[in-house]
Each structure stands twice: as C-alpha cells, then as structure tokens.
Amino acid sequence: MLSFKQLVCFVLSLLSFMSVFYSVGKLGIFLATPGRTQQSTQAIFPTNRVEARAVLFPLFFNTIWVVLFVLQHSAMRAEVVKRFWKTIGLELAERSLYNIASSYCLLLLLKNWKASPTQYQLWFFDVEHNKTLWWLMVGSHVLCWIVVYGGSLMVDLPELIGLKHVYYDINDLAPPMSYKSRDLQDYYKRYRHPSFVALSVVLWFTNGMTIDRFLLAIVWSVYMYLAWNTTQADLQYHQHQLERKRAELVRVTK
C-alpha cells in the first residue's frame, strides 16, 4: 500500500515525465521551423533610433525569459534547495520538481517569445524553394534530437526524470544513485545532459539567424559550456568504460 508521500511523489514523477517530453517537443519544433522569407535585405543591424527601439524592446523581454530559465536551471541544483525538499518531506520528488520547473520555465519562454517587427538577420538562405536544403536542415535537427534522446537513455532516463526514485522507495530499496559507482556519481553531479554538440547544432543550424534567435543561441551555448564542467577524471572514466565495453564485445564474438 502506497503511503500518501509516495503517492504524491509518484504523481509528481508522472507530471515530470509528461512535462519534459512536451516542453522538449515544443522546443524542437520552435528551433527546427525554417524561416520562410528573408525579412531584411538592407542591413544586418538597425540603422536609426526608431529601428533600434523596435528591435531592443522585444530583445529585452526575450532576455528576461532566457535568464529566468538559466537561473532556475542552476539555482534548483543548490544544496540549500535540496535540503528544503527534504525538510518538507519531498526529497523523493527532488528530480521530478526540478524537471517540472525547468519544463514550465521553458514553456513560458516559448509562449512569451517576442519577434521584432523588423527581423534583422545575421544570415539567411532560402529553403522554401530548395527541398534539398529544407530536408537537410530539418533532418539534421531530427537526427540531433535522436542523439539527445539516446544519450538520455544511456545516462539512466528513469532516474533523470524522477520515476526511479519513487519506484525504489516503494520497493524498500536504497536511492538509485547509491547503486552506481563512485566515479559515475561524481560524473553525474557535473554532467547530466547528453551531447553538447547535438544541442549546439539545433541552436545554431537555422536558415535565418535573427537577432533574437542569436541571443538564445549564444546565451544557452555559453551556459552549456560553463555548466558542463567535465574534468580530466571524467575523460579517463569514459576511456576506461570504453575499453571495458570493447573487451566484453571481444569475448562475446569469440
């Protein structure tokens, strides 16, 4: 029989699962949708005060949402927040609550994203009349998201979403992270998102790089680079695991 605490955490883990997949799907569509027309051919940046004001106001509001997402993504990882969840009895739902907050911050960003009336573009290439380029761009985004999803499975997606914590507690098991090696635990503390390269491609590979899209790409790229602070020990851990997998494959194929 589930306790009330386990039931609440289970509901939150399901909400986390649905929120993550829905928000990431919306983000994928937002980033992959090609620009259909070139809206500015005269200049890359505004040339007078009126044009600058028309661009800067939407850019200012977009910056608020981007910064909100970055702050939430960092602040909720702090130990003081984890202690707070433990104090109120929701330590089982820590991962779920983190994912739910991240998802809704992302949805707020997408819903309130404002495009400038005059979309100055750093670059543009027409994909509307070139099906090869259109499929190249969309196909690249689809492939990158497959890589991200596959990488999420490799880093234990049920644990990352928060489902595993509740399942283990219901079955009177220790927290799922305790069953992993110390090296892997240390690695997960620094790096949980898969594929920096794939996420960079979906941010930067667009046929029309507007100023607001450039803001999003540059802030998130810098954040990923700074936040995913892998160390030499992490690289050695990966090398060791790769050598083990190769040895296992050799034994299996013999």
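Look a little higher up for the structure.
Note that the coordinates shown come from a computational prediction; the quantities given were computed from them, not determined experimentally.

Novice: Break down the pattern of salt bridges for me, citing the residues and quoting the values.
Specialist: Under the criterion given, the structure shown has 4 salt bridges. Residue Glu 91 is joined to Lys 5 by a salt bridge in which the shortest nitrogen-to-oxygen separation is 2.8 Å. Taken together, the residues Glu 91 in the loop between helix 3 (79–87) and helix 4 (94–112) and Lys 5 in helix 1 (residues 4–32) connect sequence positions 86 residues apart. On the basis of relative accessible area, Glu 91 is assigned to the partly exposed category, the value being 31%. Sharing partners across several salt bridges, the network here consists of Asp 156, Lys 164 and Lys 180.

Novice: Residues and numbers for the packing of aromatic side chains, please.
Specialist: Any aromatic ring pair is given by two values, namely how distant the centres are and how the planes are angled relative to each other. Tallied over the full model, the rule gives 10 aromatic pairs. With a centroid separation of 6.2 Å and an interplanar angle of 70°, the aromatic rings of Phe 21 and Tyr 149 are classed as edge-to-face. Here Phe 21, found in helix 1, pairs with Tyr 149, found in helix 5 (residues 131–154); they are 128 residues apart in sequence, far enough to count as distant. These aromatic residues form a ring-pair network of at least three members: Phe 17, Phe 21 and Tyr 149.

Novice: So, the layout of surface pockets: which residues are in play, and what are the values?
Specialist: By volume, the second largest pocket is sized at about 550 Å³. Secondary structure elements with two or more residues in the lining of the second largest pocket: helix 5, helix 8 (182–190) and helix 11 (232–253). Of the residues forming the lining of the second largest pocket, the biggest block, 7 residues, is contributed by helix 11. Here the residues of the lining of the second largest pocket are counted per class, giving 10 nonpolar, 4 polar and 3 charged.

Novice: So what's going on with the nonpolar core? Which residues, and what values?
Specialist: Leu 27, Leu 31, Leu 109, Trp 145, Leu 216 and Trp 220 are the most contacted members of the largest nonpolar core, which totals 34 residues. Listed by contribution, the elements that provide at least two residues to this core are helix 1, helix 2 (49–75), helix 4, helix 5, helix 6 (157–161), helix 8, helix 9 (196–204) and helix 10 (211–227). Broken down by element, this core gets its largest block of residues, 6 residues, from helix 10. Non-local contacts of Leu 109, meaning those with residues more than four positions away in its chain, are made with Trp 65, Val 66, Leu 216 and Trp 220. Cys 9, Trp 85, Ala 93 and Leu 97 belong to the second largest nonpolar core, which has 11 residues in total.

Novice: With reference to specific residues and values, describe the side chain of Arg 213.
Specialist: When you line up the elements, Arg 213 lands in helix 10. Discounting residues that sit within four places of it in the chain, Arg 213 has contacts with Leu 31, Trp 113, His 141, Val 202, Leu 203, Phe 205 and Thr 206.

Novice: Quick rundown of the packing of helix 5 against helix 9? Include the residues and the values.
Specialist: For the pair helix 5 and helix 9, the least separation of the axes is 9 Å and the interaxial angle reads 150°. Classified by the angle their axes make, helix 5 and helix 9 are roughly antiparallel. Judged by the sense of rotation from one axis to the other, the crossing of helix 5 with helix 9 is left-handed. Every residue of helix 9 that contacts helix 5 at His 141, Cys 144, Trp 145, Val 147 and Val 148 is listed here: Ala 198, Leu 199, Val 201 and Val 202.

Novice: Before we move on, could you go through the side chain of His 141 and cite the residues and values that matter?
Specialist: With respect to the helices and strands, His 141 occurs in helix 5. For His 141, a relative accessible area of 1% corresponds to the buried category. The contacts of His 141, once residues within four sequence positions are left out, are Leu 31, Ala 32, Val 201, Val 202, Phe 205 and Arg 213.

Novice: Break down unusual backbone geometry for me, with residues and values.
Specialist: Despite not being glycine, Asp 172 shows a phi value in the positive range, around 55°. Assignment of secondary structure puts Asp 172 in the loop between helix 7 (163–170) and helix 8. Residue classification places Asp 172 among the exposed residues on the basis of a relative accessible area of 71%.

Calculation criteria
Residues numbered from 1 in each chain as written. Predicted model: local features only at pLDDT ≥ 70, side-chain atom pairs only at ≥ 80, totals over all residues. Heavy atoms only, no water. Salt bridge = Lys/Arg side-chain N within 4 Å of Asp/Glu carboxyl O. Helix = DSSP H or I, 4+ residues; strand = E, 2+ residues; numbered from the N terminus. Buried < 20%, exposed > 50% of the residue type's maximum accessible area, 1.4 Å probe, protein only. Phe/Tyr/Trp six-rings, centres within 6.5 Å; stacked < 30°, edge-to-face > 60°. 1 Å grid on protein atoms, 1.4 Å probe; cavity = no way out; pocket = protein on both sides within 12 Å on 5 of 7 lines; lining within 4 Å. Points joined across faces, edges and corners; volume = space filled by probe spheres on them. Nonpolar A, V, L, I, M, F, W, Y, C, P; charged D, E, K, R; others polar. Core = buried A, V, L, I, M, F, W, Y, C linked by side-chain atoms within 4.5 Å. Contact = heavy atoms within 4.5 Å. Axes fitted to C-alpha atoms, helices over the stretch in contact; angles between N-to-C directions. Parallel < 35°, antiparallel > 145°, perpendicular 65-115°, else oblique. Left-handed = near helix turned anticlockwise from the far one by under 90°.

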